[in-house]
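# Topology and contacts: notes
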Amino acid sequence: MPRDGQASLATWLAISMPPDIEAIAEQVFSALADPTRRAILATLASQGPATATDLADRLPITRQAIAKHLVLLAEAGLVTPEPGERRRVRYRLCPGPVQVAQQFLAALAHDWDGRLEALQDHLDRSARVLTANKQHIGRQGARQ
């Protein structure tokens, strides 16, 4: 990843990731940045689909606040609203956007893997040269 500012970051992202994947990943990461939204997702993951009222009963937050968070999670594609009984909307997890965010992270990791391998190769070469130099100096000292 570039080190010289936003322009380089934008160039790197344009080369590394298609714009639609980057946009989805950005929405997912923004949604996951909030601990309350993560708690809502964790509750849905462990206990299945639920209404805002159900979630308010399980979490230390009001139903109105949960409803606002659910709107943001739905906009990010992380949950899907489903009509339920008596006009109650149930929310279900959607794994697709998380998989896209994982692809984004995998691309970043791939770029880092190459750099880390190059660094390891450089360090290995440097260690061999240092060892060879120490051995050469040791032999010269023994001759004197």
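The present account deals with the structure reproduced in this document. Note that the coordinates shown come from a computational prediction; the quantities given were computed from them, not determined experimentally.

### Topic: the overall build of the chain
Scanning the chain from terminus to terminus reveals six helices and two strands. Counting from the amino terminus, helix and strand elements in the chain follow one another as α-α-α-α-α-β-β-α. The 144 residues of the chain split such that 24% are buried. Across the chain, the fraction of contacts at a sequence separation of at least 24, relative to all contacts at a separation of at least 6, is 52%. Surface accessibility of the chain: about 9,900 Å² in total, with carbon and sulfur atoms responsible for 57%.

### Quick notes on the pattern of salt bridges
This model, assessed by the stated rule, comprises three salt bridges. Among the ionic pairs, Asp-54 bridges to Arg-90, the shortest N-O distance being 3.8 Å. Placement of the pair is Asp-54 in helix H4 (residues 52-58) and Arg-90 in strand E2 (residues 89-93), with a sequence separation of 36 residues. Take Arg-90: its relative accessible area is 34%, and that puts it in the partly exposed class.

### A word on helix H3 (residues 35-47)
With 13 residues, H3 should reach 18 Å at 1.5 Å per residue; the first-to-last C-alpha distance of 18 Å fits that figure. Residues Arg-37, Ile-40, Leu-41, Thr-43 and Leu-44 constitute the buried set of H3. Angular distribution of buried residues about the axis of H3 spans 160°; they occupy a single face of the element. Facing away from the buried side of H3 by more than 90 degrees, the exposed set consists of Pro-35, Ala-45 and Ser-46. For H3, the N-terminal cap is Asp-34; the gap from its side-chain oxygen to the backbone nitrogen of Thr-36 is 2.8 Å. Remark: Gly-48 follows H3 within two positions and exhibits a positive phi of approximately 85°.

### Quick word on the pairing of E2
Pairing geometry for strand E1 (residues 79-83) and E2, over five bridges, is antiparallel. Residue pairing for E2: Val-79 is matched across the bridge by Leu-93. Hairpin remark: E1 followed by E2, antiparallel, with five residues in the connecting loop; positive phi at Arg-86, about 45°.

### Thoughts on the environment of Ile-40
In this structure, Ile-40 sits in helix H3. According to the relative accessible area criterion, Ile-40 is buried, its value standing at 0%. Sequence spacing of Ile-40 and Leu-59 is 19 residues, and the spatial spacing of their C-alpha atoms is 7.9 Å. If near-sequence neighbours (up to four positions away) are discounted, Ile-40 is found in contact with Leu-55, Leu-59, Ile-66, His-69, Leu-70 and Leu-73.

### Here's the deal with a negative patch on the surface
Together, Asp-113, Glu-117, Asp-121 and Asp-124 give the surface a local cluster of negative charge. Among the secondary structure elements, Glu-117 is positioned in helix H6 (residues 96-143). For Glu-117, a relative accessible area of 53% gives the class exposed.

### Overview of the environment of Ala-45
The topology assignment puts Ala-45 in helix H3. Judged by its relative accessible area of 54%, Ala-45 is exposed. In sequence terms Ala-45 and Cys-94 are 49 residues apart; their C-alpha atoms lie 9.9 Å from each other.

Reading the values: the criteria
- Residues numbered from 1 in each chain as written.
- Predicted model: local features only at pLDDT ≥ 70, side-chain atom pairs only at ≥ 80, totals over all residues.
- Heavy atoms only, no water.
- Helix = DSSP H or I, 4+ residues; strand = E, 2+ residues; numbered from the N terminus.
- Buried < 20%, exposed > 50% of the residue type's maximum accessible area, 1.4 Å probe, protein only.
- Contact = heavy atoms within 4.5 Å.
- Areas by Shrake-Rupley, 256 points an atom, 1.4 Å probe, with all protein chains shown as cover.
- Salt bridge = Lys/Arg side-chain N within 4 Å of Asp/Glu carboxyl O.
- Expected span 1.5 Å × (residues − 1).
- Arc of directions from axis to C-beta.
- Polar contact = N/O pair within 3.5 Å; in protein donor to acceptor, adjacent residues only side chain to side chain.
- Pairing = 2+ DSSP bridges.
- Patch = residues over 30% accessible without salt bridge, like charges linked within 9 Å, V, L, I, M, F, W, Y side chains within 5 Å.
- Lys, Arg positive; Asp, Glu negative; His and termini not counted.
- Charge placed at Lys NZ, Arg CZ, Asp CG, Glu CD.

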